[in-house]
Amino acid sequence: MVPAICTMDDLQALEQRALDELAGCQSEEALRAWNSRYLGRQGELTLALKKIGSLPASQRPAYGQAVNRLKESLQQAYNRQQSALREQVIARRLASEALDVTLPGRQPSRGRLHPATQMMREILAIFAEMGFQIFHSREVEDDLTNFELLNMPPHHPARDLWDTFYTTRPGIILRTHTSPGQIHVMRRLCPQPIRVVLPGMCYRYEQITPRSEIMFQQVEGLAVGTRVRLTDLVGTIQAFARRLFGRDRQVRLRSSYFPFTEPSLEVDVSCLVCGGRGCSLCKHTGWLEIMGAGMVHPVVLRNGGYDPSRFSGFAFGLGPQRITMLLYGVPDIRLFWSNDLRFLRQF
């Protein structure tokens, strides 16, 4: 039974008794029991505080202050005893456990480049060897540069091909492709010849499926000069495809439509798995699509500052994630953003 505590003498006796018992606590269990007895919700100090109401009004302030000082003092003593016990436990473990300093250390695991980064670097290295410079443009664009200057005025039906993320500022969007970088490059370098690639992230408000994501990487290519021809584009594409996919890879060009190129092309390579004979990967066509391309539209050249009567150019765009999926048989584009180590460690 906890004795009644009502006077200063009682508090002094309580302090002495608590400190004596604390000095005898030589285990964590004993410390917890001591803490519960004196500092817990039903401990002696809590009961001492409840006795304030039974004291004369003139004694209450001094008594309350004395109880609070005692509580703080016992708490500090408890903390010191707890630290001392923990140091004793560590000392006993070090004395009893053998430590072999000659054992080899554990080799820390090394990080790896993300497969998308690996593919991006490989693509850029190929184009760098072919004389292309690397140019980075902004990801937050204005509607003018993302669409209008690329021959897509307001209400143009081709805008439906890009499901756009709009911001709270009118006319400011997340770029839907890397093609706006063509305008930035041409306006910066005009009237010099251009041979650049523009890597970066793009954003489209699409349904997320195994083959589509709301954010993805693209690599845009642009060449502008006074003697740039369609044959230059074909030769560049063939050289790139054979360096990336193998010297024996066949390349096929198909007519297509893009507002910012004329003529426009889709580029296929013979299937990496079946070699063109037909399989599930190529949907039994023997071909895999890798990029879109074409000759830069005269309107785009003019918007970039080049006179289309003197200059011509070609452009192309490809997706590193899609190419990685083709090369390694990755079935789901969402794996690139899942941070699943089981997937990433394969690369």
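Refer to the preceding data block for the structure.
This is a predicted model, so every value here is computed, not measured. (Residues numbered from 1 in each chain as written. Predicted model: local features only at pLDDT ≥ 70, side-chain atom pairs only at ≥ 80, totals over all residues. Heavy atoms only, no water.)

What to know about the overall build of the protein chain
In terms of regular secondary structure, the protein chain is built from 11 helices and 10 strands. The C-alpha radius of gyration computed for the protein chain amounts to 37 Å, which surpasses the reference 20 Å derived for 347 residues by more than 25%, pointing to a less compact arrangement than a globule. A principal-axis box enclosing the C-alpha atoms of the protein chain has dimensions of 105 × 55 × 40 Å. Residue burial in the protein chain is summarised as follows: out of 347 residues, 42% are buried. As displayed, the protein chain offers around 19,900 Å² of accessible surface, 52% of which is attributable to carbon and sulfur atoms. Taken as two groups, the 42 positive and 33 negative side-chain charges of the protein chain have centres that lie 3 Å from each other. (Helix = DSSP H or I, 4+ residues; strand = E, 2+ residues; numbered from the N terminus. Rg over C-alpha atoms; globule rule 2.2 N^0.38 Å. Buried < 20%, exposed > 50% of the residue type's maximum accessible area, 1.4 Å probe, protein only. Areas by Shrake-Rupley, 256 points an atom, 1.4 Å probe, with all protein chains shown as cover. Lys, Arg positive; Asp, Glu negative; His and termini not counted. Charge placed at Lys NZ, Arg CZ, Asp CG, Glu CD.)

A short note on the pairing of strand β10 (residues 312-318)
Within β10, 6 of the 7 residues are buried, which leaves it mostly tucked inside the rest of the structure. Here strand β6 (residues 215-225) runs beside β10; their pairing, made up of 7 bridges, is antiparallel. Following the sheet pairing, Gly-221 is matched in β10 by Phe-316. Inspection of the sheet shows strand β9 (residues 287-296) paired to β10 by 5 bridges, in the antiparallel sense. Bridge pairing in β10 links Met-295 to Phe-314. (Pairing = 2+ DSSP bridges.)

Some words on the sheet that holds strand β2 (residues 140-142)
Taken together, 3 strands build an open sheet; the order of strands is β2-β4-β3 and the sheet is antiparallel. Edge positions in the sheet fall to β2 and β3 (165-166), since each has one partner strand and no second. In the sheet, β3 pairs with strand β4 (residues 172-174) via 2 bridges, with the strands oriented antiparallel. Along β4, the bridge assignment pairs Tyr-166 with Ile-173.

Let's talk about the nonpolar core
Counting residues in hydrophobic clusters, the biggest one holds 36 residues, and the most contacted among them are Ile-123, Phe-127, Phe-316 and Leu-318. In contact with Ile-123, other than residues within four places in its own chain, are Val-219, Phe-240, Leu-244, Leu-318, Pro-320 and Ile-323. Ranked by size, the runner-up nonpolar core spans 23 residues in total, among them Leu-149, Met-152, Leu-198 and Leu-222. (Core = buried A, V, L, I, M, F, W, Y, C linked by side-chain atoms within 4.5 Å. Contact = heavy atoms within 4.5 Å.)

Thoughts on the sheet that holds strand β5 (residues 194-203)
A sheet is described by the order of its strands in space; here 7 strands give the open sequence β1-β5-β6-β10-β9-β8-β7, paired in mixed fashion. A strand with exactly one partner marks an edge of an open sheet, and here the two such strands are β1 (133-134) and β7 (251-258). On the sheet, helix α7 (residues 180-189) packs against β5, β6, β9 and β10 and is oriented at approximately 145° with respect to β5. (Axes fitted to C-alpha atoms, helices over the stretch in contact; angles between N-to-C directions.)

Section: the packing of aromatic side chains
Tallying each qualifying case throughout the model produces 13 aromatic pairs. Between Phe-127 and Phe-240 the ring centres are 4.7 Å apart and the planes differ by 10°, which places this aromatic pair in the stacked class. Here Phe-127 is found in helix α5 (residues 115-129), whereas its partner Phe-240 is found in helix α8 (residues 230-245), with 113 residues between them in sequence. For the pair formed by Phe-127 and Phe-240, the shared burial category is buried. (Phe/Tyr/Trp six-rings, centres within 6.5 Å; stacked < 30°, edge-to-face > 60°.)

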